[in-house]
Amino acid sequence: MKYITAFAAAVLLTCPISVSHADEAAVGWHSVDDIVARIGSTHFPDKDFNATDFGARGDGQTDSQEAINNAIEACHEAGGGRVVVPAGEYRVDGPVRLKSNVNLHLAAECTLRFSTRPSDYLPVVFTRFEGTELMNYSPPIYAFEETNIGLTGSGVIDAQADFDNWWKWKGAWSGTPANALKDGDPDQSNAIDQVRAQADEGVPAEQRVYGEGSMLRSSFVQPYRCKDVLIEGITVKNSPMWCLHPVLSENVIVRGVTVDSHGPNNDGCNPESCRYVLIEGCTFDTGDDCIAIKSGRNTDGRRLNRPSEFYVIRNCKMRDGHGGVVLGSEMSGGVRNIFVEDCEMDSPHLERAIRLKSNSNRGGYLENLFVRNVQVGEVSDAVLRVNLYYAHETGEHPPVVRNIFVENLSSQKSRYAFYFRGLEEHPIASITIRNCTFAGADKPSVIEHVKQLTMENVTFPLE
Ligand SMILES: *[C@@H]1O[C@H](CO)[C@@H](O)[C@H](O)[C@H]1NC(C)=O
Ligand SMILES: *[C@@H]1O[C@H](CO)[C@@H](O)[C@H](O)[C@H]1NC(C)=O
Ligand SMILES: *[C@@H]1O[C@H](CO)[C@@H](O)[C@H](O)[C@H]1NC(C)=O
Ligand SMILES: *[C@@H]1O[C@H](CO)[C@@H](O)[C@H](O)[C@H]1NC(C)=O
């Protein structure tokens, strides 16, 4: 491996290398207003349905699943409005299904506590597991092909996932407490191998049926092929796996949400193969990536060929996690035109601020990523990381990484300022870093197989 000190790299690369300014002009910061305007907002008729009128009881005892779903159905049938769940502790023994024109509103001091019995999430629904389509347990909150849906309020959704239930299906995990998985306990690995093989063989997704016995966890909140989605104000806790996971959806707003979920693969928000997404004013404190943008994995990702595009992420706070804003690793459908601004990322348990992860099995592209005005306090690994050897996999589909722009970012403490590892035959095409300060980096940056690295006014102050 070739280590270059960041200082040496700066000297080596002083001549401004021809970054594709044309690309930067076509899609650039000026695009943010257009994207946000285009997303618009959801509209719900001014009519409330009180979940308690349908039998929901915030007594911590009564299973209120059916009552909440009946309230949603009645609201939907009536042309839409708001289903209000008042203060209280609601036991919810199975999925809540969001419907068009309904805003499920959780009042202050309202908590929905979801069952941890997998059989409560049957029958299986059409969903994705780590970028592969399949029929699996329903996410606790799920919507399929709906338009104009909301999940709002200042209440809490708690899937109560723990190492005694969902999380143990992960198997070996670096964060697992010693007692979480006993030797020889079954885990998800067989099912994962099987569903990926089915995808490679072209088995239709409807025939990849998992659920019972398979040990594949679901995401917590999943709008699938939906349009006009608002998730606002709520707190999300203890997810089986990915927390907020909109898939193949358009015009999605995630605003003012707090995610506090520290289990395995507990990414905070995973917009996957969506178009026009705004994530703002959120706080993420997670067991995996805070935000990880996805677009399908390997064969399935290439078959669907639906990129993640036109996302704006702003005014968010990232605490614990493997990365603050992450592109990949399930990104075979491509990720492009992503804007990140005015965020704070800081925790001794946050590993990286901006992270791109892929490998030559994934294919696809990561391009036109714009980052500015980001304050990084402490991260334990690299402030900026691009690794195309992710998960030590190799294959026939080298990903393309280009047009990465980082401006006005400052960091206080990290192992590396940046860690860039492209593939020897397929280097990272272009990264531009301007007006940035990386203080307190313990080790020299790693820059390997990067074709164009441009730095303007980048400093590495010594402590
Ligand atoms: C819903 O009904 C309950 C019980 O009747 C009542 O206490 C609560 O105030 C109502 N909430 C709203 C928002 O109407
Ligand atoms: C740089 O970012 C900081 C926040 O990190 C912000 O306060 C400041 O205004 C930005 N500077 C410019 C020139 O945009
Ligand atoms: C760099 O900082 C200077 C001074 O604050 C500002 O004028 C310039 O626009 C910045 N450039 C970029 C690319 O952020
Ligand atoms: C260099 O970047 C810093 C932010 O890191 C900014 O304050 C300063 O104004 C920039 N200087 C120039 C000449 O652009």
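Just so it is clear, the model here is predicted, and its values are computed rather than measured. Along each chain, residues carry numbers from 1 onward, in the same order as the chain's sequence is written. Think of it this way: whatever chain is written first is A, whatever ligand is written first is 1, and the rest follow in order. Side-chain atom pairs in this predicted model are given and counted only at pLDDT of 80 or more, local residue features only at pLDDT of at least 70, and totals for whole chains, interfaces and linings cover all residues. Side-chain numbers here rest on the full set of heavy atoms in the structure, without hydrogens or water.

Caption draft 1: Broad picture of the UniProt feature "active site" (unreviewed entry) in the protein chain. UniProt positions are given in the numbering used here, feature names are shortened, and annotations may be inferred rather than shown by experiment. According to UniProt, the feature "active site" (unreviewed entry) maps to His-322 in the numbering used here. Helix and strand assignments follow DSSP, with helices taken as H or I runs no shorter than four residues and strands as E runs no shorter than two, numbered in order from the N terminus. As for its placement among the helices and strands, His-322 is situated in strand S23 (residues 321–328). Setting aside its immediate chain neighbours within four residues, His-322 contacts Gly-287, Asp-288, Asp-289, Glu-351, Arg-352 and Arg-355. Two N or O atoms count as a polar contact when they lie within 3.5 Å, although within protein this holds only if one can serve as hydrogen donor and the other as acceptor, and sequence-adjacent residues are included solely when both atoms are side-chain atoms. Polar side-chain contacts of His-322 include one of 3.3 Å to the backbone oxygen of Gly-287. Only heavy atoms matter for contacts: two residues are in contact if any of them lie within 4.5 Å across the pair.

Caption draft 2: Inspection of the sheet that holds strand S10 (residues 141–144) at higher detail. Pairs of strands are assigned from DSSP output, requiring at least two bridges between the strands. The strand order across the open sheet formed by three strands is S5-S10-S13, and the pairing between neighbours is parallel. Of all strands in the sheet, those bounded by a partner on one side alone are strand S5 (96–97) and strand S13 (221–224). Note that S10 and S13 share four bridges and pair parallel. Residue pairing for S13: Phe-144 is matched across the bridge by Tyr-224.

Caption draft 3: Representation of the site of ligand 1 within the structure. Residues in close proximity to ligand 1 include Asn-50, Thr-52, Val-84 and Pro-86, which together make up its full environment. Asn-50 places a polar side-chain atom, nitrogen or oxygen, 2.3 Å from an oxygen atom of ligand 1. In this structure, Thr-52 approaches ligand 1 through a side-chain N or O atom, which is 2.9 Å from an oxygen atom. Calculation of accessible area relied on Shrake-Rupley with a 1.4 Å probe; when residues are assessed, cover is drawn exclusively from the protein chains displayed. Calculation on ligand 1 without its partners gives an accessible area of 360 Å², and the protein chains cover 35% of this total. For this purpose, a residue is taken to be near a molecule or strand whenever a single non-hydrogen atom of the residue falls within 4 Å of it.

Caption draft 4: Molecular detail of the UniProt feature "domain: Rhamnogalacturonase A/B/Epimerase-like pectate lyase" (unreviewed entry) in the protein chain. Taking the UniProt record as the reference, the feature "domain: Rhamnogalacturonase A/B/Epimerase-like pectate lyase" (unreviewed entry) is found at residues 49–104. Between the C-alpha atoms that bound residues 49–104 the distance is 10 Å, and the span itself is 23% helix and 39% strand.

Caption draft 5: Geometry of helix H5 (residues 189–201). Multiplying one less than the number of residues by 1.5 Å gives the expected span of a helix. Along its 13 residues, H5 runs 18 Å from first to last C-alpha, staying within 8% of the 18 Å computed at 1.5 Å per residue. Partly exposed describes any residue whose relative accessible area lies between the buried limit of under 20% and the exposed limit of over 50%, with all areas from a 1.4 Å probe on protein chains only and scaled to the type maximum. Listing the buried residues of H5 in full gives Ala-191, Ile-192, Val-195, Gln-198 and Ala-199. Angular distribution of buried residues about the axis of H5 spans 130 degrees; they occupy a single face of the element. Seen from the open side of H5, the exposed residues pointing more than 90 degrees away from its buried face are Asn-190, Asp-193, Asp-200 and Glu-201. Buried residues along H5 sit in contact with strand S8 (125–129), strand S9 (132–136) and helix H6 (298–304). Residue Gly-202 follows H5 closely and has a positive phi angle near 80 degrees. As used here, the arc belongs to the directions running from the helix axis to the C-beta atoms.

Caption draft 6: Layout of the pattern of salt bridges. Any carboxyl oxygen of Asp or Glu within 4 Å of a side-chain nitrogen of Lys or Arg constitutes a salt bridge here. Tallied over the full model, the rule gives 34 salt bridges. The salt bridge partner of Asp-381 is Arg-415, with a shortest N-O separation of 3.5 Å. Here the residue Asp-381 occupies a position in the loop between strand S26 (365–378) and strand S27 (382–387), and Arg-415 occupies one in the loop between strand S28 (400–413) and strand S29 (416–421), the gap between them amounting to 34 residues. Using a relative accessible area of 36% as the deciding quantity, one classes Arg-415 as partly exposed. Here the residues in one salt-bridge network are Lys-294, Arg-297, Glu-330, Arg-362 and Glu-393, joined through shared partners.

Caption draft 7: Fine view of the pairing of strand S6 (residues 102–106). S6 sits mainly inside the fold: five of its five residues count as buried. Both faces of S6 are covered, namely the face carrying Val-102, Leu-104 and Leu-106 and the face carrying Asn-103 and His-105. Of the pairings in the sheet, the one linking strand S3 (residues 81–85) to S6 comprises five bridges and is parallel in character. Opposite Val-85, over in S6, you have Leu-106 as the bridge partner. The pairing of S6 with strand S11 (residues 147–153) spans four bridges and is parallel. Bridge pairing in S11 links His-105 to Thr-152.

Caption draft 8: Representation of the site of ligand 2 in the model. The full set of residues close to ligand 2 is Asn-373, Gln-375 and Asn-408. Side-chain polar atom of Asn-408 to an oxygen atom of ligand 2: 2.3 Å apart, as the coordinates give it. When ligand 2 is considered free in solution it has 360 Å² of accessible area, and contact with the protein chains removes 39% of it.

Caption draft 9: Up close: the packing of aromatic side chains. A pair of aromatic rings is counted whenever rings of Phe, Tyr or Trp (Trp by its six-membered ring) have centres within 6.5 Å, and the orientation is called stacked for planes under 30 degrees apart, edge-to-face for over 60 and tilted otherwise. Tallying each qualifying case throughout the model produces 20 aromatic pairs. Between the aromatic rings of Tyr-276 and Phe-310, the centroid separation amounts to 5.0 Å while the plane-to-plane angle is 10 degrees, which identifies the pairing as stacked. One end of the pair, Tyr-276, is in strand S18 (residues 275–280); the other, Phe-310, is in strand S21 (residues 308–314), with 34 residues separating them in the sequence. Just as Tyr-276 is buried, Phe-310 falls in that class too. For the ring pair Tyr-416 and Tyr-419, a centre distance of 5.2 Å and an interplane angle of 55 degrees mean the geometry is tilted.

Caption draft 10: Structural context of the side chain of Lys-294. By secondary structure assignment, the location of Lys-294 is in the loop between strand S20 (291–293) and H6. Not counting the four nearest positions on each side in its chain, Lys-294 is found in contact with Trp-242, Asp-267, Asn-270, Pro-271, Glu-272, Ser-273, Ser-308, Gly-328, Ser-329 and Glu-330.

Caption draft 11: A look at the sheet that holds S20. With parallel pairing, the six strands of this open sheet are ordered in space as S20-S23-S25-S27-S29-S31. If you trace the sheet from one side to the other, it starts and ends with S20 and strand S31 (446–448), each paired once. Sheet twist, expressed as the average angle between the axes of neighbouring strands with direction ignored, equals 15 degrees. In this sheet, S31 lies alongside S29 in parallel orientation, the contact comprising three bridges. Each bridged residue has a counterpart across the sheet, and for Tyr-419 the counterpart in S31 is Val-446. Axis definition: a line fitted to C-alpha atoms, over the contacting stretch in the case of helices. Angles run 0 to 180 degrees between N-to-C directions.

Caption draft 12: Quick look at the side chain of Glu-272. Summarising the element assignment, Glu-272 is placed in the loop between strand S17 (258–261) and S18. Classification of Glu-272 by relative accessible area gives buried; the value is 0%. Here the side chain of Glu-272 touches Arg-128 through a polar contact of 2.8 Å, side chain to side chain. Every residue in contact with Glu-272, bar those within four places of it in the chain, is listed here: Arg-128, Gly-131, Trp-242, His-245, Pro-246, Val-247, Leu-248, Lys-294, Ser-295, Gly-296, Ser-308 and Tyr-311.

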